[in-house]
Amino acid sequence: MSALRRALPLVALAALIVLPALAGKFYVELVAKIMILAVFAMSLDLLVGVTGLVSLGHAAFFGLASYMLVLAAPDKYAATSLWISLPLAVAASALLALAIGALALRTRGVYFIMVTLAFSQMVYFVFHDTKIAGGSDGTYLYVKPVASIGSWTPLDLGNARHFYYAMLALLLLSFAFLRMLLASRFGHALRGIRSNEQRMRALGFNTYAYKLAAFTIAGAIAGLAGYFSAVQFGFVNPEMASWHQSANVLLMVILGGLGNLFGAIVGAFALVLAQDFFSSLTKHWLLLMGGFVILVVMLLPGGLVGIERAWLHWRAHRG
Amino acid sequence: MLGASRLTRRFGGLTAVDRVSIDLERDAIHALIGPNGAGKSTLINLLSGALDPSEGSISFRGEPVPAGRPERMAHLGIGRTFQRSNVFPDFTCFENCRLAAQARTPRPWAVFEPALRCRRSKDAAERALVTVGLGARRNVPASALSHGERRALEIAMCLAADPQVLLLDEPLAGMGTEESQHTLKLLRELKHERAILLVEHDMDAVFAVADVITVMADGAVLASGPPEAVRGDRAVREAYLGEAR
């Protein structure tokens, strides 16, 4: 079982690599979208699963970065450079996360949830109620950013396959970066904060600074995801910063399993594919979706990645 | 090493600690005794920075230190244990101690370096576990320890950070006779080069190891001095020792 467990991520990776050769454009685009959401979910897992900070406002950073892509373009028919607009978008999300985190982290528990929700709603209403980028309707961006360096263009973001592999690379890089972070002293300290924050302070850790750093990093990575989401669809609207979006990504993390990043990826795939599947069955698919989520949460306390442990536990207690 | 001057802490109308001055000397175990509610734990919370004093000041090696900043006190080398075991329940004994050691060399920006590759904190953690007799329980999660073992882990975590001042809040509570004896022996070894404040209810233990005893009642210091002097103090006998017999 554990050999299978170790092989499974590699099999999944191989499947992701060969997918564009086997599947049609619809699935290539769908999986690219899921990989973007998986990056978004991993960034939230750093807060919820690792540090124990349940944020219900994570879409603010996702949404802001997607708007930055639009705002960075001189007009909606002109292309921006990827190498300028991407760092700009990520920096904007990181700065916003630093500012929101600095205030929100003065609260704890349910108040923290409320404060993050309130701040993200403020971001939502800024885009909704002002004329920035089309107000409540959002706006189209007809040209994808250009990834050329001088006269060399390594990838064409308008090409579905190029985009797909770029997102696969993004997913792997984000995963590797976060894994490295979790293995470092910083990551160990974050887990300590989740386990017993007051004890961490007594040991001599400035837990506020640690949490703020985690919040800012998570915001920056969420921005990365938001930026590419806007690139993929060539469209932004306030919904990208809405609390639905925040709740959706939180659901992915919980569904997949908290605190190990794999869960966030599995959760993103499970949630989007389940939505896709259920909505093809009936127009009352939200009901089925709700049932699915409840079942997973009740039967698999460790999320979908905890399915093996839940099974072993069940077998041990039955026999 | 660590001194407090006229330290006072009020909770609403209640004065939990009332103008307490205390000096912890190097190479000495300073025991703090008194009936329940005398303010012993509050005093430890003040000295370790967990609580803000209402009045009074704290100094370390003659320098004043800002109150109410537990992480600053830990950095200065003031370690504490808690009256009710306060560990990381889901972590192994080793990781509990390793985190405590990491606090002395936090280096949070060294994200390229795995935490488990840091020799210094690893060695400090291993040593601390062996010192308190938990070497064999290294990989057991703290939540699976017996009550006495958890008390020992508390002390190990404190030691892993290599503090110069130890504030121990009832370390023996819940320990068996053998564990208590081991811990007392350990305290005698630890006092070299360090200052120890020991809050303890077990009078036999206190009189066996203490170099100085301070008696508190109703938040104030009733008496302070060498054990023989305190034992003979009339006010103490009436207020506390007599009552306990």
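Residues numbered from 1 in each chain as written. Chains lettered and ligands numbered in written order. Predicted model: local features only at pLDDT ≥ 70, side-chain atom pairs only at ≥ 80, totals over all residues.

Colleague: Teacher, can you tell me more about the overall build of chain A here?
Modeller: A count of helices and strands for chain A gives twelve helices and two strands. In sequence order, chain A lays out its α and β elements as α-α-α-α-α-β-α-α-α-β-α-α-α-α. Dimensions of chain A, computed from C-alpha atoms along their principal axes, come out at roughly 65 × 50 × 40 Å. When each of the 319 residues of chain A is scored for burial, the buried share is 45%. Pairs at least 24 apart in sequence give 77% of the contacts found in chain A among residues at least 6 apart. (Helix = DSSP H or I, 4+ residues; strand = E, 2+ residues; numbered from the N terminus. Buried ≥ 20, exposed ≤ 12 C-beta atoms within 10 Å, placed from the backbone. Contact = placed C-beta atoms within 7 Å.)

Colleague: What am I meant to see in the confidence of the model for chain B here?
Modeller: In low-pLDDT regions, the fine details of the predicted coordinates are not to be read closely. When the pLDDT values of chain B are averaged, the result is 89; 98% of them are 70 or greater. For this predicted complex, the interface confidence reaches an ipTM of 0.85, while the overall pTM sits at 0.90. (pLDDT = per-residue confidence, 0-100.)

Colleague: Mind showing me how you'd approach the sheet that holds strand β3 (residues 28-33) of chain B here?
Modeller: Where strands meet in a sheet, backbone hydrogen bonds hold them as pairs that are either parallel or antiparallel. All names here are of chain B. Strand order across the open sheet formed by six strands is β6-β7-β8-β3-β9-β10, with mixed pairing between neighbours. Of all strands in the sheet, those bounded by a partner on one side alone are β6 (78-80) and β10 (220-225). Strand-to-strand twist in this sheet, taken as the mean axis angle between neighbours without regard to direction, amounts to 15°. Bridging between β6 and strand β7 (residues 165-169) involves three bridges; their strand directions are parallel. Across the sheet, residue Arg 80 finds its bridge partner in β7, namely Leu 167. (Pairing = 2+ DSSP bridges. Axes fitted to C-alpha atoms, helices over the stretch in contact; angles between N-to-C directions.)

Colleague: What should I look at first to understand the interface of chain B and chain A in this one?
Modeller: Where the parts come together, the accessible area they lose is often given as the size of the interface. In this assembly, 26 residues from chain B lie in contact with 19 residues from chain A. Those elements that place two or more of their residues in the side of chain B that touches chain A are α2 (70-76) and α3 (93-102) of chain B. In terms of residue count, the dominant contributor to the side of chain B that touches chain A is α2(B) (four residues). Class assignment for the residues of the side of chain B that touches chain A results in 17 nonpolar, four polar and five charged. (Nonpolar A, V, L, I, M, F, W, Y, C, P; charged D, E, K, R; others polar.)

Colleague: How do you make sense of the sheet that holds strand β5 (residues 63-65) of chain B when you look at a structure like this?
Modeller: Residues and elements named next belong to chain B. If you trace the four strands from one edge of the open sheet to the other, you get β2-β1-β4-β5, paired in antiparallel fashion. The outermost strands of the open sheet, each flanked by one partner alone, are β2 (14-24) and β5. Taking each pair of neighbouring strands and ignoring which way they run, the sheet shows an average axis angle of 30°. Across five bridges, the pairing between strand β1 (residues 2-11) and strand β4 (residues 55-60) is antiparallel. If you follow Thr 8 over to β4, its bridge partner there is Glu 55.

Colleague: What am I meant to see in the pairing of β3(B) here?
Modeller: As a general feature of sheets, a regular strand has side chains that alternate between the two faces. Residue and element names in this part refer to chain B. Across the six residues that make up β3, a large majority, five, are buried. As paired elements, β3 and strand β8 (residues 195-199) share five bridges and run parallel to each other. Bridging from a neighbouring strand, Ala 28 pairs with Ala 195 of β8. The pairing of β3 with strand β9 (residues 212-217) spans four bridges and is classified as parallel. Note on β9: the bridge partner recorded for His 30 is Val 212.

Colleague: Can you walk me through unusual backbone geometry in this structure?
Modeller: Trans peptide bonds make up the majority, and among non-glycine residues the majority have a negative phi. All names here are of chain B. Although it is not a glycine, Asp 27 adopts a positive phi angle of roughly 60°. Counting through the fold element by element, Asp 27 comes out in the loop between β2 and β3. The exposure class of Asp 27 is exposed, given the 12 C-beta atoms found within 10 Å. One non-glycine residue, Asp 162, adopts positive backbone phi at about 50°. On the secondary structure map, Asp 162 appears in the loop between α5 (147-160) and β7. Note on Asp 162: 15 C-beta atoms within 10 Å, which makes it partly exposed.

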